[in-house]
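# Reading the structure
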Amino acid sequence: MCTYSTQVVAVEGSGKGAAGWFRLTSASVYFDHPVHAAADHTLNLDFANRALGPAARVAVELTAPAARQLARAILAALPEPEPEPAD
Amino acid sequence: MYDAVLAETITITGDGGDAVEAYLARPLDPGPRGGVVVIHHMPGYDAATKEITRRFAVLGFNACCPNLYHREAPGASPDDAAASARALGGVSDDRLVGDVAGAAAVLRGLTSANRKVGVIGYCSGGRQAFLAGCRLPLDAVVDCYGAFVATSTPPEAPFSRPAVIGLAAGLAGPVLGLFGAEDQHPSPAETAELERVLTELGTPHELHTYEGAGHAFFAVDRPSYRPEAAGDGWSRIADWFGRYLAA
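Below is a summary of the structure that appears in this document. (Residues numbered from 1 in each chain as written. Chains lettered and ligands numbered in written order. Predicted model: local features only at pLDDT ≥ 70, side-chain atom pairs only at ≥ 80, totals over all residues.)

### Examining the interface of chain B and chain A
What counts, and what does not: Each residue is represented by a C-beta atom placed from its backbone, and any two residues with such atoms within 7 Å are regarded as in contact. Secondary structure is summarised from DSSP: a helix means a run of H or I of at least four residues, a strand means a run of E of at least two, and numbering begins at the N terminus for each. Residue polarity follows a fixed list, in which Ala, Val, Leu, Ile, Met, Phe, Trp, Tyr, Cys and Pro are nonpolar, Asp, Glu, Lys and Arg are charged, and the others, Gly among them, are polar.
At the junction of the two partners, chain B supplies 30 residues and chain A supplies 23 residues. Examining the composition of the side of chain B that touches chain A, we find that 7 residues originate from one element, helix 2 (residues 78-87) of chain B, more than from any other. In terms of residue class, the side of chain B that touches chain A is made up of 14 nonpolar, 12 polar and 4 charged.

### Thoughts on helix 1 (residues 47-58) of chain B
Residues and elements named next belong to chain B. Rule in force here: Take the residue count of a helix, subtract one, and multiply by 1.5 Å to get its expected span. For the exposure call, what matters is how many other C-beta atoms sit within 10 Å of a residue's own: 20 or more marks it buried, 12 or fewer exposed, and in between partly exposed, using C-beta atoms placed from the backbone. Arc, as used here, means the arc of the directions from the helix axis to the C-beta atoms.
Across its 12 residues, helix 1 extends 17 Å between first and last C-alpha, which sits within 8% of the 16 Å expected from 1.5 Å per residue. The set of residues buried in helix 1 consists of T49, I52, T53, F56 and A57. Viewed along the axis of helix 1, the buried residues span an arc of 150°, placing them on a single side of the element. After helix 1 finishes, the residue G60 shows a positive phi value of roughly 105°.

### A closer look at helix 2 of chain B
Burial runs high along helix 2 of chain B: 9 of the 10 residues are buried. Of the positions making up helix 2 of chain B, those classed as buried are B:P78, B:D80, B:A81, B:A82, B:A83, B:S84, B:A85, B:R86 and B:A87. Those residues of helix 2 of chain B that are buried are in contact with strand 1 (7-17), strand 2 (20-32), strand 3 (42-48) and strand 4 (57-62) of chain A. Positive phi appears at B:G89, one or two residues downstream of helix 2 of chain B, with a value of about 105°.

Here it is as structure tokens:
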């Protein structure tokens, strides 16, 4: 199915796309049909900066188990407590 | 036998008078022949959908596929355009109907046209084909595993879409529906509800559910491809449009 469900969050950071590094402003997260991965549905991440155009995007398509493993790994890798943002 | 076809990118006048990119494929003989509006799936106006559009020309129809994401990402690759459109909330139902109307107008205006036009869509496009058939004077509708026809998207979805089955009384053309028994969106229960409503309204229809197939069984480049269901489905589509779009 096409799920329609999409989470869009504002992010700060950088990503490397086809034209090199660029500043990221948003991430879309959705479980839906992949473009490339050999699965019916994948957890798709689009890290983007819309101000730079549609091609300013780092796309990832992960199987559901891989996505859960990644989510756990991200949380495990982050320091606790969350450090104060740098000035 | 003269069997040349031409496929090319054109610009149509879409919803709100917007210039919208579209892919037109048509036999080069004089016709007359019917036209088919092809609605691409949510992953976009991609190579696979253009191939489907060309196939309709080979089957003897004029066919036009509007790029529903053209406004968000003109000139972008299909996957980038789909991602952009999705992040912005997707295509509204009203805009979809306007773009399909623009594509249908192009098809009716071709010198080889018999002025009959049908619509087909896959996946999210299946719902959109049904919606367009309810709101536009289209002569035949084909819904390929469109979810959220008889049910709405979950309310927690940020960009939710309503069920469109309530508009079914507006259908001008008969409906062919092709579904997979293993699909949960639309589920067999949802397609049964569609069957019930179309029967109650007296709308001519045929709904087929293929055993051993799930969602997207027509997609030759995906693991969901089911050649037997897809082969039979293509035969039914050609027959449906042949019957209802004939001069």
